[in-house]
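# Chain and residue survey
Here is how the chains run, residue by residue.
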Amino acid sequence: LQPLADVVKLFFKEEFIPAEANKVIYHIAPMLAVIPALVSFSIIPIGPNFVVTDLNVGLLLFLAMSSIGVYAVVLGGWASNNKYALLGGLRSSAQMVSYELAMGLSTIGVLLMAGSLSMVDIVKAQTNIPFIVMQPLAFLIFMITALAETNRAPFDLPEAEAELVAGFHTEYSSMKFGLFFLG
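These notes cover the structure that comes with them. (Residues numbered from 1 in each chain as written. Predicted model: local features only at pLDDT ≥ 70, side-chain atom pairs only at ≥ 80, totals over all residues. Heavy atoms only, no water.)

### Some remarks on the nonpolar core
Short version of the rule: Put simply, a nonpolar core is a bunch of buried Ala, Val, Leu, Ile, Met, Phe, Trp, Tyr and Cys residues held in one set by side-chain atoms that sit within 4.5 Å of each other. Classification of residues uses two cut-offs on accessible area relative to the type maximum, computed with a 1.4 Å probe and protein chains only: under 20% is buried, over 50% is exposed, and between them is partly exposed. Think of it this way: any DSSP run of H or I at least four residues long counts as a helix, any run of E at least two long counts as a strand, and we number them from the N terminus. We call two residues in contact whenever any of their non-hydrogen atoms come within 4.5 Å of each other.
Ranked by internal contacts, the top residues of the largest apolar core, which has 13 residues, are Y26, A79, Y172 and F180. If you list the elements that add at least two residues to this core, you get α2 (23-41) and α3 (58-79). Once residues lying within four places of it in the same chain are set aside, the contact partners of A79 are A21, N22, I25, Y26 and Y172. Counting 7 residues, the second largest nonpolar core, distinct from the first, contains I43, A114, M119 and I122.

### Some words on unusual backbone geometry
Even without being glycine, N81 reaches a positive phi, approximately 60°. Positioned with a positive phi, S174 is a non-glycine residue whose angle comes to about 60°. Within the secondary structure, S174 is located in helix α10 (residues 174-182). You can call S174 buried: its relative accessible area is 8%.

### Structural notes on the side chain of K176
Structurally, the position occupied by K176 is in helix α10. Look at K176 and you get buried, because its relative accessible area is 15%. Ignoring sequence-local partners within four residues, the contact set of K176 consists of E15, Y26, H27 and P30.

### Quick word on the packing of aromatic side chains
Our working rule: Under the pairing criterion, centres of Phe, Tyr and Trp rings, with the six-membered ring standing for Trp, must be within 6.5 Å; the plane angle then separates stacked pairs below 30 degrees from edge-to-face pairs above 60, leaving the rest tilted.
In total, this model carries 4 aromatic pairs according to the counting rule given. Aromatic side chains Y26 and Y172 sit 4.3 Å apart centroid to centroid with 5° between the ring planes, which places their arrangement in the stacked category. Here Y172 lies in the loop between α9 (161-164) and α10 and Y26 lies in helix α2, a separation of 146 residues in the sequence. Under the relative-accessibility criterion, Y26 is labelled buried at 0%. Aromatic pair F62 and F142: ring centres 6.5 Å apart, planes at 40°, arrangement tilted. Of this pair, F62 sits in helix α3 while F142 sits in helix α8 (residues 136-149), placing them 80 residues apart in sequence. Counting every residue linked through ring pairs, the aromatic cluster contains Y26, Y172 and F180.

### A closer look at the packing of α3 against helix α4 (residues 83-106)
Defined as follows: For helices, the axis comes from a line fit to the C-alpha atoms of the stretch in contact; other axes are also lines fit to C-alpha atoms, and the angle between any two N-to-C directions lies between 0 and 180 degrees. Orientation categories follow fixed angle ranges, with anything under 35 degrees roughly parallel, anything over 145 roughly antiparallel, 65 to 115 roughly perpendicular, and all other angles oblique. Asp, Glu, Lys and Arg are counted as charged, while Ala, Val, Leu, Ile, Met, Phe, Trp, Tyr, Cys and Pro are counted as nonpolar; the rest, among them Gly, fall into the polar class.
The N-to-C vectors of α3 and α4 enclose an angle of 170°; their axes lie 7 Å apart at closest approach. Looking at the two axes, α3 sits roughly antiparallel to α4. Residues L63, S66, S67, G69, V70, V73, V74, G77 and W78 of α3 lie in contact with α4, whose contacting residues are A85, L86, G89, S92, S93, M96, V97, E100, M103 and G104. Residue classes in the contact of α3 with α4 are distributed as 10 nonpolar, 8 polar and 1 charged.

### Here's the deal with the pattern of salt bridges
Our working rule: Salt bridges, as used here, are contacts in which a Lys or Arg side-chain nitrogen is within 4 Å of a carboxyl oxygen on Asp or Glu.
A full pass over the atoms with the stated rule returns 1 salt bridge. K176 is the salt-bridge partner of E15, the closest N and O atoms lying 2.5 Å from each other. Of this pair, E15 sits in the loop between α1 (2-12) and α2 while K176 sits in helix α10, placing them 161 residues apart in sequence. On the basis of relative accessible area, E15 is assigned to the partly exposed category, the value being 37%.

Laid out in structure tokens, this is it:
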């Protein structure tokens, strides 16, 4: 129930917008963080008969949506017109781009074995033997890079509370702050 309580708390907090902020980009950045993350869930097959969207390029869409999150971080740091937030956004985007390369390369073996970019076909190709058994190193690389994409410990260097005042989301409050973390 803690995440639900946090949502209620953030919803009722006062929203603060810096006076010198670029208002349009300031409001768009949190949405750019959360919308691509939610779109990514639409291609994941949940059960054998429960698939929201079966795209023939599903994995490509997943990688593209995770790449759009970089723009949210950079724009979030830049829009508030704060040099510390900008530095945090640039550090975070550099980390995200560097880990996206490894994450994309770790999926090539899965694509070759499944013979398709469709997430449904990739899941169906694993009915006899899971790909994690056949490619444990690629799985490990994918999991580490996916964790690094979220900027969570031990990959939370872009926030660097001690030196950059909590990174790119320094000037955000209320639900906009919550949207960055939801994304």
